[in-house]
Amino acid sequence: MSSEDHRDKYDADSLEKNQPDVGVHIVAEGKHKFDVASIDLVQASTQAAPCSDLIDFFRIAIAGTLGTGLFLGSGKALSGAGPVGALIAYALVGSVAYSSLCSIGEMTSHAPISGTFPHFAARWVDPALGFAVGWNYFYTNVITVPVEITGAQILITYWDSNPNHAGIYTAIIIVFACATNIFGVRYFGEAEFMFSIIKLTMITGLILVGLVIDLGGAPDHHRLGFQYWKNPGILAGAQLEPQHVGLDRFLGILNVLVQASFSFQGMELVAIAASETENPRRNIAKAVRRVFFRILVFYILGIFITGLIVPYNDPNLLQSTGTAAQSPYVIAMASAGIKVLPSIINAGVMTSAFSAANSFLFCSSRILYGLALRGQAPKIFARCTNSGLPLVAVGFSSIFSLLALMNIQSGSATVFNWFVNLSTVGGFFGWGSINLTYIFFHRGMKHQGIDRTKLYYWNRFQPWLSIWGLSWCIFFILINGFEIFWGFTAAGFLTAFLMDLQTQLPLADINIPLFFGLYFGWKFVKKTEIWKPEEMDFVTGIPTPEETEGPYYPPVGFWQKLAAILF
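Residues numbered from 1 in each chain as written. Predicted model: local features only at pLDDT ≥ 70, side-chain atom pairs only at ≥ 80, totals over all residues. Heavy atoms only, no water.

1. Things to note about the overall build of the chain
Scanning the chain from terminus to terminus reveals 24 helices and zero strands. By sequence separation, contacts in the chain at least 24 residues apart represent 81% of the contacts at least 6 residues apart. Of the roughly 22,800 Å² of accessible surface on the chain, a fraction of 66% belongs to carbon and sulfur atoms. (Helix = DSSP H or I, 4+ residues; strand = E, 2+ residues; numbered from the N terminus. Contact = heavy atoms within 4.5 Å. Areas by Shrake-Rupley, 256 points an atom, 1.4 Å probe, with all protein chains shown as cover.)

If you want it as structure tokens, here you go:
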């Protein structure tokens with residue numbers, strides 16, 4: 001298709017209101033080894049099987065971000081850094097997550113198409129980066145599916161500790177997770193809505209119960225206030241430098257930073273689901289503005305309450321049971337004489353783990369589908385049903401859920417943990433790539449005279465938000481596994497860098513050479529080049545607002561307005 005044909009097909013004024021003539025936009029050249037015109041396939045698939053509306057979209061977004069890290073991981077954060085240390089860590093990581101969400105939201109508002117940020121990286125930074133980001137993100141998400149399934153199965157042991165039943169429970173969870181995705185995005189949205197209601201109800205209830213306990217409303221009527229901030233204190237150490245208290249406490253916060261990052265990861269699911277919603281530009285704008293602030297409140301307020309009701313040196317926080325007994329809220333309830341709620345909490349956390357598995361399976365299949373559309377994965381994964389479901393990509397991604405069965409045998413569990421540890425930095429590379437891509441996107445839009453403020457969503461603090469997020473993502477990647485610098489000799493440095501000193505399993509740092517191996521490998525084979533601002537294509541294959549956006553009907557009446565605020 002010639003440049004003139006593109007100008008006829010895509011009108012700039014309809015693409016985004018008041019943009020300059022499309023003639024100023026450049027169509028990709030062959031030297032970049034990236035055929036932008038081929039993504040017309042994406043435009044066709046985008047309109048095939050949308051979710052019904054913003055509420056469906058919000059169901060996916062909220063359920064993909066509230067996971068077991070919030071309900072169980074907060075106890076580890078508290079014991080690792082203390083109440084204020086954990087609060088600082090979660091607030092900092094929250095700001096980085098926000099920068100990534102703003103960046104992907106603005107780019108998706110301009111181009112609501114399948115493939116999302118791996119496609120954006122290939123389109124506006126370097127096709128080799130899109131290849132590396134896509135496969136890294138696919139692997140990170142698809143290997144997390146069996147992890148969450150295993151977590152759900154372990155939570156069931158709270159009621160049934162018979163090890164012979166583990167395989168049965170695991171198989172049932174696998175079948176339900178795969179079936180939910182195979183039956184299509186509408187059923188996926190319905191399931192995630194149910195899970196999101198459970199999660200929101202549970203975290204709201206836990207925060208309220210925590211306040212009641214802290215203020216002396218529990219059966220023991222003991223008012224806690226801020227007494228645990230005084231004794232044992234507001235900061236805990238990492239026990240790496242016991243002779244240097246200040247340094248040890250700083251290392252404790254660093255350790256929790258990495259853990260908090262894993263709890264926040266998953267917000268980019270908003271953009272990945274974008275191509276399967278009606279009115280994607282409008283809905284993305286609303287979701288980005290609303291979803292993160294709700295999650296930020298849940299996380300920050302949840303961590304704050306946790307630090308009030310449980311001391312960071314409570315021995316129960318150090319027990320890795322994998323069930324609700326590990327939750328600081330359950331520990332506080334047991335201490336306050338509340339006996340009924342722990343079992344209910346365990347049920348809620350179990351549904352949270354299943355929901356996370358469901359969401360990661362959805363996410364990984366769409367990433368694989370986008371890779372196939374760009375020619376960076378076998379074309380068979382781009383095959384869809386008549387309704388637009390990428391069935392082959394979903395089926396292939398579902399196969400990885402069977403890895404959860406490896407945990408039934410202890411020997412296989414070691415191999416399984418090897419894969420898990422190998423993928424732990426993938427989320428940081430995802431966030432970092434989103435922010436890096438936005439920096440290029442912002443520069444290209446500015447160079448070509450495109451007014452960002454005409455987009456359905458834009459942020460006045462860009463590109464500084466992206467610079468902030470990218471800088472911290474690099475920092476998170478570099479400090480992950482920093483404990484290896486304590487307790488080993490110089491002769492064993494390489495082994496310590498690649499292997500956990502206690503478990504002899506690979507650390508996540510090995511993902512660094514894997515990521516750059518993917519990048520430079522594709523760059524060498526395909527001879528790709530980094531896009532220059534004047535070469536970036538902001539038009540081809542991107543549906544116009546007239547093609548994606550329907551009429552807007554404002555909420556009428558109290559209940560509709562309340563639903564609009566909540567969802």
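From this point on, the discussion continues.
2. Structural notes on the packing of aromatic side chains
To describe a pair of aromatic rings, one takes the distance between the centres and the angle between the planes. Tallied over the entire structure, the rule returns 26 aromatic pairs. Ring centres of phenylalanine 226 and tryptophan 229 lie 5.1 Å apart, and the angle between their planes is 90°; on these two criteria the pair is classed as edge-to-face. For arginine 443, the ring lying beneath its charged end belongs to phenylalanine 440, and the centroid distance is 4.8 Å. In this structure, lysine 527 is placed above the aromatic ring of phenylalanine 524, and the distance from its NZ or CZ to the ring centre is 4.6 Å. (Phe/Tyr/Trp six-rings, centres within 6.5 Å; stacked < 30°, edge-to-face > 60°. Lys NZ or Arg CZ within 6 Å of the ring centre and 35° of its normal.)

3. What about the side chain of threonine 306?
Examined against the element boundaries, threonine 306 turns out to sit in helix α14 (residues 280-309). Owing to a relative accessible area of 1%, threonine 306 belongs among the buried residues under this scheme. Non-local contacts of threonine 306, meaning those with residues more than four positions away in its chain, are made with Ser74, Leu78, Pro328 and Tyr329. (Buried < 20%, exposed > 50% of the residue type's maximum accessible area, 1.4 Å probe, protein only.)

4. Side note on the confidence of the model for the chain
Do not read the fine detail of predicted coordinates wherever pLDDT is low. Summing up the model confidence of the chain, the mean pLDDT is 75 and the portion of residues at 70 or higher is 74%. Scored below 50 in pLDDT, residues 1-28 makes 66 contacts in the model with residues more than four places away or belonging to other chains. (pLDDT = per-residue confidence, 0-100.)

5. Topic: helix α12 (residues 245-264)
In a regular helix each residue adds 1.5 Å, so 20 residues correspond to 28 Å; α12 covers 29 Å between its end C-alpha atoms and thus fits that length. Taken as a whole, α12 has its buried residues at Asp248, Leu251, Gly252, Ile253, Leu254, Val256, Leu257, Val258, Ala260, Ser261, Ser263 and Phe264. (Expected span 1.5 Å × (residues − 1).)

6. Some thoughts on a nonpolar patch on the surface
Residues Ile399, Leu402, Leu405 and Ile408 make up a contiguous nonpolar surface patch of about 340 Å² in total accessible area. Residue leucine 402 is classed as partly exposed on the basis of its relative accessible area, which comes to 47%. (Patch = residues over 30% accessible without salt bridge, like charges linked within 9 Å, V, L, I, M, F, W, Y side chains within 5 Å. Salt bridge = Lys/Arg side-chain N within 4 Å of Asp/Glu carboxyl O.)

7. A few points about the pattern of salt bridges
For the structure on display, the rule yields three salt bridges. Across the salt bridge formed by glutamate 106 and arginine 452, the nearest N and O atoms sit 2.6 Å from each other. Here arginine 452 lies in the loop between α19 (426-447) and α20 (464-479) and glutamate 106 lies in helix α6 (residues 73-110), a separation of 346 residues in the sequence. Like glutamate 106, the residue arginine 452 is buried in the burial classification. Between arginine 123 and aspartate 537 there is a salt bridge, and its shortest N-O distance comes to 3.8 Å.

8. Details of the nonpolar core
In terms of nonpolar packing, the biggest core is built from 86 residues, with Tyr90, Met107, Phe120, Trp124 and Phe264 touching the most fellow members. Among the elements that line this core, the one with the most residues is α6, at 14 residues. Among the nonpolar cores identified, the runner-up in size contains 45 residues, and Ile174, Phe195, Ala356 and Ala357 belong to it. (Core = buried A, V, L, I, M, F, W, Y, C linked by side-chain atoms within 4.5 Å.)

9. Structural notes on the environment of methionine 202
Relative to the helices and strands, methionine 202 is located in helix α10 (residues 185-214). For the pair methionine 202 and glycine 348, spaced 146 residues apart in the sequence, the C-alpha separation amounts to 6.8 Å.

10. Some thoughts on the environment of threonine 157
Along the polypeptide, threonine 157 turns up in the loop between α8 (127-156) and α9 (166-182). Separated by 12 residues in the primary sequence, threonine 157 and tyrosine 169 place their C-alpha atoms 9.8 Å from one another.

11. A look at the side chain of serine 401
Here serine 401 shows up in the loop between α17 (391-399) and α18 (410-422). Here the side chain of serine 401 touches serine 398 through a polar contact of 2.5 Å, landing on its backbone oxygen. Apart from residues lying up to four places away in sequence, serine 401 is in contact with Val145, Pro146, Ile149, Ile174 and Cys178. (Polar contact = N/O pair within 3.5 Å; in protein donor to acceptor, adjacent residues only side chain to side chain.)

12. What to know about unusual backbone geometry
In this model, asparagine 231 is joined to proline 232 through a cis peptide bond whose omega is 20°. Summarising the element assignment, proline 232 is placed in the loop between α11 (227-230) and α12. For the bond from glutamine 462 to proline 463, the omega torsion is 5°, close enough to zero to count as cis. By the secondary structure assignment, proline 463 is in the loop between α19 and α20.

13. Focus on the environment of isoleucine 207
Tracing the chain through its elements places isoleucine 207 in helix α10. By relative accessible area, which is 7% here, isoleucine 207 ends up buried. The sequence separation of isoleucine 207 and leucine 301 amounts to 94 residues, and the corresponding C-alpha distance is 7.7 Å. Residues in contact with isoleucine 207, not counting those within four places in the same chain, are Phe298, Leu301, Gly302, Ile305 and Tyr329.

14. Looking at helix α22 (residues 511-526)
In this model, α22 (16 residues) spans 22 Å end to end at C-alpha, consistent with the 22 Å of a helix rising 1.5 Å per residue. Of the residues making up α22, those classed as buried are Asn511, Ile512, Phe515, Tyr519 and Trp522. The buried residues of α22 occupy one face: seen down the axis, they fall within an arc of 130°. Of the exposed residues in α22, those oriented more than 90 degrees away from the buried face are Phe524 and Val525. The first or second residue beyond α22 is lysine 527, which carries a positive phi of 55°. (Arc of directions from axis to C-beta.)

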